[in-house]
Number of protein chains: 2
Amino acid sequence: SCSTRKKKACHLPKLPASVPSSRTQMASTSPEPAATETGDSVKIRRLQIADRERGFLPLLSQLSSCPDLTESEFAACFADLAALGDDHVILVAEDPAAAPERRILSTGCLFVERKFLRGGGKVGHVEDVVVDAAARGRGLGLRVVRRLVEIAKGAGCYKVILDCTPELRAYYAKCGFVEKGVQMAVYF
Amino acid sequence: SCSTRKKKACHLPKLPASVPSSRTQMASTSPEPAATETGDSVKIRRLQIADRERGFLPLLSQLSSCPDLTESEFAACFADLAALGDDHVILVAEDPAAAPERRILSTGCLFVERKFLRGGGKVGHVEDVVVDAAARGRGLGLRVVRRLVEIAKGAGCYKVILDCTPELRAYYAKCGFVEKGVQMAVYF
């Protein structure tokens, strides 16, 4: 493995290092602590292939351009990402009480980058965090992001980074993030 | 594959989609255009496992904490990254005229992230760009970064992003980057 150096002790509940248990469901993380922030029945879990039918893509389209994917296109994308195992984790917040096609209320993604720096260190990248417009203010996004940060820590990352608009600085500060630099981009 | 949508035409020289040709050398990219910026003999190429002996880690240590890796630790890290194929590219600038243990004068890395957004789109992430303190001002970092951007475009990425300090905005603007947001981080 690339991470050959001794890890710092982890003081958060250990999440199991898991692999996808099937081609239709990414491995679930350990049971979540009580939803103290929301008090509702929404569960945070890893993305399942069936989430295409539960509103996952329409939710993403609230963040950026997200054309619909056919069932087979979705499956291919899911398989590509599942092949990365625990180096790529997509979490969703599901409300089992909502209409079947609108159950996914929030999502966020973590991928783990390996480096030569830091003794073969790992960095977690948080991407594509969004909360359904009708479900904001319930702390769902924060639950997703905090869980992603826990997973990154459990995986041995020495830091987790994300890019956002300046308006979201205070939001991510609630999850322990501090401003570090500027994000630059080239669009093709 | 995750990228199921039609790509925009690419107007840059096409770089071959290549796979590592052995366990000791990552696939080389196509021959580089003439080094018009530097006029020197420095070559930009993919990282080779032998670059551990050419000063690759001491160079990285000018960017961030980079403890030495034993030969086997380095090989393990190299293999982990090589397994990602063209989704992870480390370029180096090598000066064949320099002392053997100090030939790597610049490096930069690109990894390709796959998304459900943008029809199963790809984003290039540029990381760990550094130029040896004694070799700055020769345009080596810009050559590395521009090549990484070309590779990302050739791979079908719809954008390339990186994080940097505010002082480096003008530097990356020379490679076509514009400021997009803020970088936030949690350190463990």
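If you look chain A up in an unreviewed UniProt entry, it shows as Glucosamine 6-phosphate N-acetyltransferase from Aegilops tauschii subsp. strangulata. According to the UniProt record, the Subcellular location (unreviewed entry) comment for chain A reads "Endoplasmic reticulum membrane". Per UniProt, chain A carries the Catalytic activity (unreviewed entry) text "D-glucosamine 6-phosphate + acetyl-CoA = N-acetyl-D-glucosamine 6-phosphate + CoA + H(+)".

A. Structural detail: the overall build of chain A. For chain A, the helix and strand inventory stands at five helices and six strands. Listed by position from the N terminus, the elements making up chain A come as β-α-α-β-β-α-β-α-β-α-β. Summarising the internal contacts of chain A: among those between residues at least 6 apart in sequence, 65% fall at separations of at least 24. Accessible surface for chain A amounts to roughly 8400 Å². Of this, 54% is attributable to carbon and sulfur atoms.

B. Fine view of the sheet that holds strand β3 (residues 104–114) of chain A. Spatially, 12 strands are ordered β1(A)-β2(A)-β3(A)-β4(A)-β5(A)-β6(B)-β6(A)-β5(B)-β4(B)-β3(B)-β2(B)-β1(B) in an open sheet, and the strand pairing comes out mixed. Where the open sheet ends on each side, the last strands, each with one partner, are β1 (43–46) of chain A together with β1 (43–46) of chain B. Each neighbouring strand pair of the sheet contributes to a mean axis angle of 25°, computed without reference to strand direction. Strand direction decides the pairing type here: strand β4 (residues 122–131) of chain A and strand β5 (residues 159–164) of chain A, joined by three bridges, are parallel. Across the sheet, the residue bridging to A:His125 is A:Ile161, located in β5(A). Across the sheet, helix α4 (residues 140–154) of chain A is in contact with β1, β2 (88–94), β3, β4 and β5 of chain A; its angle to β3(A) comes to roughly 25°.

C. Focus on the confidence of the model for chain A. Residue and element names in this part refer to chain A. Within chain A, residue pLDDT values average 86, and 79% of them lie at 70 or more. Low confidence marks residues 3–22, where pLDDT is under 50. Its contacts with residues over four positions away, or in another chain, come to 35 contacts. Counting interchain partners and residues more than four positions distant, the pLDDT-below-50 stretch residues 33–38 has 11 contacts. Here the prediction assigns the complex a pTM of 0.83, and the interface score ipTM is 0.83.

D. Just the packing of aromatic side chains, in detail. For the coordinates displayed, the defined rule picks out 11 aromatic pairs over all chains. Residues A:Phe56 and A:Phe74 carry aromatic rings whose centres are separated by 6.2 Å and whose planes lie at 85° to one another, so their mutual orientation is edge-to-face. Here A:Phe56 is found in helix α1 (residues 56–60), whereas its partner A:Phe74 is found in helix α2 (residues 71–82), with 18 residues between them in sequence. Looking at A:Phe74, the relative accessible area reads 1%, which means it is buried. Ring centres of B:Tyr172 and B:Phe177 lie 6.0 Å apart, and the angle between their planes is 75°; on these two criteria the pair is classed as edge-to-face. Taken as a pair, B:Tyr172 and B:Phe177 share a single burial class, namely buried. Clustering of aromatic rings is evident, with ring pairs tying together A:Phe56, A:Phe74 and B:Phe116.

E. Geometry of α4(A). Residue and element names in this part refer to chain A. With 15 residues, α4 ought to run about 21 Å at 1.5 Å a step, and its terminal C-alpha atoms sit 21 Å apart, in line with that. When you tally the buried positions in α4, you get 11 out of 15 residues, the bulk of the element. Buried within α4 we find Leu 140, Gly 141, Leu 142, Arg 143, Val 144, Val 145, Arg 147, Leu 148, Val 149, Ile 151 and Ala 152. Looking at the packing, one finds that the buried side of α4 touches β1, β2, β3, β4, β5 and α5 (169–173). Just downstream of α4 lies Gly 156, where phi reads positive at about 95°.

Conventions used here
- Residues numbered from 1 in each chain as written.
- Chains lettered and ligands numbered in written order.
- Predicted model: local features only at pLDDT ≥ 70, side-chain atom pairs only at ≥ 80, totals over all residues.
- Heavy atoms only, no water.
- UniProt positions renumbered as here; feature names shortened; annotations may be inferred.
- Helix = DSSP H or I, 4+ residues; strand = E, 2+ residues; numbered from the N terminus.
- Contact = heavy atoms within 4.5 Å.
- Areas by Shrake-Rupley, 256 points an atom, 1.4 Å probe, with all protein chains shown as cover.
- Pairing = 2+ DSSP bridges.
- Axes fitted to C-alpha atoms, helices over the stretch in contact; angles between N-to-C directions.
- pLDDT = per-residue confidence, 0-100.
- Phe/Tyr/Trp six-rings, centres within 6.5 Å; stacked < 30°, edge-to-face > 60°.
- Buried < 20%, exposed > 50% of the residue type's maximum accessible area, 1.4 Å probe, protein only.
- Expected span 1.5 Å × (residues − 1).

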